[in-house]
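Tertiary structure, described
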Amino acid sequence: MPPAPHLVLIGAMGAGKTSIGRRLAERLGLRFADVDEAIEHRTGTRVATIFECEGEAGFRLRERAMLAELLDGPGCVIATGGGAVLSAENRALLRAHGFVVWLQVGFEAQRQRLARDRTRPLLQTPDRDAVLRKLAAERAPLYAEVAHLVFETDGRTAIEAADVLADLLADASVVEARTKGSEG
């Protein structure tokens, strides 16, 4: 396990942060926390409703507060929302308090995984493909900035990805090299 109190999964919607994160936490014997689910539990309403009532800016404030709270708590596997990296404050918190893994997903795999998903506020548009491409272009440099490790999820089930990632994280030389490379 990395020398950080939390293992944090970042990446685009549909990358598998929640489904892989749950299995990874179980495999590592850690608690699992999903930032969006924690916000929904705290507010008693869905993320989509928060977007409707408070806009994206209001949601991002709640997201920042919940992320800070989770990172201040006991060590666990944390699945962030895809836009958590938009805030410079969030990126600094993630790097300071977690070992950050960017779960990458290719466009076709992402599109297939999200084909029937109607719950995501940013995809409530006729041209979902354009939104996915735009978000990927905007966020990829931010994911790269904060990630200690990049992990490709295409072609893997959540169970397979969690197993491979757990084995990779257990390889001290990979973790140590990535952690040392991020210092200074």
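About the criteria used
All residue numbers refer to positions counted from 1 along the written sequence of the respective chain. With the structure being a predicted model, the display of local features is reserved for residues of pLDDT at least 70 and the display and counting of side-chain atom pairs for 80 or more, all residues being used for whole-chain, interface and lining totals. Hydrogen atoms and water are omitted, and side-chain values are computed over all heavy atoms in the structure. By definition, a salt bridge exists where a carboxyl oxygen of Asp or Glu is found within 4 Å of a side-chain nitrogen of Lys or Arg. For the exposure calls, accessible area comes from a 1.4 Å probe over protein chains only, and a residue counts as buried if that area is under 20% of its type's maximum, exposed if over 50%, partly exposed in between. To qualify as a helix, a DSSP run of H or I must reach at least 4 residues; to qualify as a strand, a run of E must reach at least 2; elements of each kind are numbered from the N terminus. Criterion used throughout: strands pair if DSSP finds at least two bridges between them. Fitted lines through C-alpha atoms give the axes, limited to the stretch in contact for helices. The angle between two N-to-C directions lies from 0 to 180 degrees. By definition in these notes, contact holds between two residues if any of their heavy atoms fall within 4.5 Å. Put simply, two rings from Phe, Tyr or Trp (the six-membered ring, in Trp's case) pair if the centres are within 6.5 Å, and we call them stacked under 30 degrees between planes, edge-to-face over 60, tilted for the rest. Counted as a polar contact is a pair of N or O atoms within 3.5 Å, where, for protein atoms, one must be capable of donating a hydrogen and the other of accepting one, and residues adjacent in sequence contribute only when both atoms are in side chains. Residue count minus one, scaled by 1.5 Å, sets the expected span of a helix. The angle between axes fitted to the seven residues ending at a residue and the seven residues starting there is what we call the bend at that residue.

1. As for the pattern of salt bridges
Under the counting rule described, the total for this entry stands at 11 salt bridges. The salt bridge involving Glu54 is made with Arg62; its shortest N-O contact spans 2.7 Å. Of the residues examined, Arg62 reaches a relative accessible area of 33% and is grouped as partly exposed. Measuring nitrogen to oxygen at the nearest pair gives 3.0 Å for the salt bridge that ties Arg60 to Glu63. One end of the pair is Arg60 and the other is Glu63, both in helix H3 (residues 47-72) and 3 residues apart, which spans about a single turn. A residue is classified by how much of its surface remains accessible, and Arg60, at 13% relative accessible area, is buried. One network of salt bridges, with partners in common, ties together Arg27, Asp163 and Asp167.

2. Things to note about the sheet that holds strand E5 (residues 149-152)
The strand order across the open sheet built from 5 strands is E2-E3-E1-E4-E5, with neighbouring strands paired in parallel fashion. This sheet does not close on itself; its edge strands, each paired only once, are strand E2 (31-34) and E5. Sheet twist, expressed as the mean angle between neighbouring strand axes with direction ignored, is 25°. Across 4 bridges, E2 lies against strand E3 (residues 76-79) in parallel orientation. Across the sheet, residue Asp34 finds its bridge partner in E3, namely Ala79. Lying over the sheet, helix H2 (residues 35-43) contacts E2 and E3, oriented at roughly 75° with respect to E2. The strands that helix H6 (residues 128-146) touches are strand E1 (6-10) and strand E4 (98-104); relative to E4, the one it contacts most, it runs at about 145°.

3. Re the packing of aromatic side chains
Scanning the entire structure with this criterion turns up 2 aromatic pairs. For the pair Phe51 and Phe59, a centre-to-centre distance of 5.1 Å together with 35° between the ring planes defines the contact as tilted. Classification of Phe51 by relative accessible area gives buried; the value is 16%. Taken together, a centroid distance of 5.5 Å and an interplanar angle of 40° make the contact between Trp102 and Tyr143 tilted. Note that Trp102 is positioned in strand E4 and Tyr143 in helix H6, a separation of 41 residues in sequence. The class of Trp102 is buried, set by a relative accessible area of 12%.

4. Some points on the side chain of Thr153
Tracing the sequence through the fold places Thr153 in the loop between E5 and helix H7 (158-170). On the accessibility criterion, Thr153 (1% relative accessible area) is buried. A polar atom in the side chain of Thr153 sits 3.1 Å from the backbone oxygen of Ala15.

5. Re H3
Its 26 residues give H3 an end-to-end C-alpha distance of only 22 Å, which falls more than 12% under 38 Å, the value for a rise of 1.5 Å per residue. Along its length, H3 shows its largest kink, about 115°, at Glu54. When H3 is considered as a whole, its buried residues turn out to be Val47, Ile50, Phe51, Gly58, Phe59, Arg60, Glu63, Met66, Leu67, Leu70 and Leu71. Against E1, E2, H2, E3, helix H4 (88-97) and H6 lie the buried residues of H3.

6. Considerations on the pairing of E1
Burial analysis of E1 places 5 of its 5 residues in the buried class, the great majority of the element. Every second residue of E1 is oriented toward a common face, with His6, Val8 and Ile10 on one face and Leu7 and Leu9 on the other, all of them buried. Summarising the sheet, E1 and E4 pair through 5 bridges and their orientation is parallel. The partner of His6 across the bridge, within E4, is Gly98. Where E1 meets E3, 3 bridges bridge the pair, whose relative direction is parallel. Bridge assignment links Leu9 to a residue of E3, and that residue is Ala79.

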